[in-house]
Structures are given as C-alpha cells and as structure tokens.
Amino acid sequence: MEPITAIAAAEIVKIAFQEFAKSGAGELAKKSVGGAIDLVKNLRDKIKAKFQGNERAEKALAEVEQNGDSTALDKVKKYLDLELDEDEAFATEVRQIAQQIINIQNQNNSIREYNNYGRDQINIENIQGNPKIGGS
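Description of the overall build of the chain
Secondary structure assignment for the chain yields six helices and zero strands. Overall, the chain shows an N-to-C arrangement of helices and strands of α-α-α-α-α-α. For the chain, with 136 residues in total, the buried portion stands at 28%. On the chain, roughly 9100 Å² of surface is accessible, and the fraction owed to carbon and sulfur atoms is 45%.

In structure tokens, the structure reads:
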C-alpha cells in the first residue's frame with residue numbers, strides 16, 4: 001500500500017471524476033467505485049469547493065461533468081496539482097478520502113476474486129487443455 005502523501009493529483013482526479021464523466025454517474029460508475037459512492041461525492045465536492053472563484057478551474061470541472069472531456073480532465077489535474085502543493089491541509093484531506101476509496105475498491109476486488117462457488121469451480125474465461133468437470 002502506498003503512503004497517503006504519494007497519491008498524486010492525477011489519481012485523485014481519476015477517482016473523483018473520470019468514471020463519472022465516462023458514464024454520467026450511472027450504474028457503471030457506482031460499480032466502478034466499489035460502493036464508495038458517498039466518499040467519491042465528498043471528494044468531488046471538496047475539490048469543487050476549493051476551486052470556487054477560480055474561473056478556469058470551474059469551467060474545466062463543468063466540462064468534465066457535462067461532456068466527459070478528457071482535455072478538461074487534464075486541466076483539472078493541473079489545477080489540483082497546484083492546490084495540493086500550496087495547501088497542505090487540503091492535500092492531506094483529499095488524499096485521505098482518496099485512500100479510503102482505493103481501500104474500498106481493493107477490498108471489493110479481493111472479495112470478487114476469491115468467491116468460491118464449490119469444489120468444481122473453474123475459470124471458464126481461461127480454459128486450457130481438456131478440463132474435467134465433476135468427479136474423477
């Protein structure tokens with residue numbers, strides 16, 4: 001697990017905005033954040049509040065949320081990177097929220113990976129050879 005201070009602006013923006021921009025906050029977004037939907041909303045709200053009064057940043061955020069514009073997403077990353085460097089308290093707060101989201105996503109991924117459906121479970125996506133299913 002990487003330390004909280006190592007979470008870069010790019011990762012935070014990806015967590016907070018990218019999946020929502022792709023899917024318009026639909027079911028895909030809810031699944032992709034692994035049940036951490038409230039934390040993601042909180043993270044986005046903190047970033048938006050920090051950018052209040054910065055016309056360029058507000059415009060980039062609006063473009064990301066409305067159009068899913070990747071160019072605007074890159075601009076948001078740059079603005080956030082500057083804010084993380086300048087405001088240590090803000091940086092710590094958003095990094096902690098991002099880390100919580102990452103932890104929830106990792107936990108959900110682990111649960112999905114280790115579900116065991118019985119003795120004869122096989123991975124049907126990667127069948128190799130001639131597998132025998134059932135008894136010997």
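Examining the packing of aromatic side chains
Tallying each qualifying case throughout the model produces one aromatic pair. Summarising the aromatic geometry, the rings of Phe-51 and Tyr-79 are spaced 6.4 Å apart at their centres and angled 70° between planes, so their arrangement reads as edge-to-face. Taken together, the positions of Phe-51 in the loop between helix H3 (37-50) and helix H4 (55-67) and Tyr-79 in helix H5 (residues 70-86) put the pair 28 residues apart, joining distant regions of the chain. Classification of Tyr-79 as buried rests on a relative accessible area of 19%. The side chain of Lys-50 reaches across the aromatic face of Phe-90, ending 5.3 Å from its centre.

Looking at the nonpolar core
Formed by 29 residues in total, the largest nonpolar core has its most connected members in Ile-12, Phe-17, Leu-43, Ile-47 and Leu-80. Secondary structure elements with two or more residues in this core: helix H1 (9-23), H3, H4, H5 and helix H6 (88-113). The biggest single contributor to this core is H6, with seven residues.

Topic: a positive patch on the surface
On the surface, Arg-56, Lys-59, Lys-75 and Lys-78 cluster together to form a positively charged patch. Breaking the positive patch down by element, the ones donating at least two residues are H4 and H5. Its location among the elements puts Lys-75 in helix H5. Judged by its relative accessible area of 39%, Lys-75 falls in the partly exposed class.

Quick word on the side chain of Arg-95
Along the chain, Arg-95 falls in helix H6. Salt bridges are absent for the buried Arg-95, whose nearest opposite-charge side chain, Asp-85, sits at 5.6 Å. A distance of 2.7 Å separates a polar side-chain atom of Arg-95 from the backbone oxygen of Ile-7.

Some details on the packing of H4 against H5
The description of two helices packed together rests on the angle between their axes and the distance between the axes. Viewed as axis vectors pointing N to C, H4 and H5 meet at an angle of 140°, and their least axial separation amounts to 8 Å. In terms of orientation, H4 lies oblique with respect to H5. Classified by chirality, the crossing of H5 by H4 is left-handed. For the pair formed by H4 and H5, the contact residues are Arg-56, Ala-57, Ala-60, Leu-61, Glu-63 and Val-64 on the first element and Ala-72, Leu-73, Lys-75, Val-76 and Tyr-79 on the second. Taken together, the residues of the contact of H4 with H5 break down into eight nonpolar, no polar and three charged.

So, how was this worked out
- Residues numbered from 1 in each chain as written.
- Predicted model: local features only at pLDDT ≥ 70, side-chain atom pairs only at ≥ 80, totals over all residues.
- Heavy atoms only, no water.
- Helix = DSSP H or I, 4+ residues; strand = E, 2+ residues; numbered from the N terminus.
- Buried < 20%, exposed > 50% of the residue type's maximum accessible area, 1.4 Å probe, protein only.
- Areas by Shrake-Rupley, 256 points an atom, 1.4 Å probe, with all protein chains shown as cover.
- Phe/Tyr/Trp six-rings, centres within 6.5 Å; stacked < 30°, edge-to-face > 60°.
- Lys NZ or Arg CZ within 6 Å of the ring centre and 35° of its normal.
- Core = buried A, V, L, I, M, F, W, Y, C linked by side-chain atoms within 4.5 Å.
- Patch = residues over 30% accessible without salt bridge, like charges linked within 9 Å, V, L, I, M, F, W, Y side chains within 5 Å.
- Salt bridge = Lys/Arg side-chain N within 4 Å of Asp/Glu carboxyl O.
- Lys, Arg positive; Asp, Glu negative; His and termini not counted.
- Charge placed at Lys NZ, Arg CZ, Asp CG, Glu CD.
- Polar contact = N/O pair within 3.5 Å; in protein donor to acceptor, adjacent residues only side chain to side chain.
- Axes fitted to C-alpha atoms, helices over the stretch in contact; angles between N-to-C directions.
- Parallel < 35°, antiparallel > 145°, perpendicular 65-115°, else oblique.
- Left-handed = near helix turned anticlockwise from the far one by under 90°.
- Contact = heavy atoms within 4.5 Å.
- Nonpolar A, V, L, I, M, F, W, Y, C, P; charged D, E, K, R; others polar.

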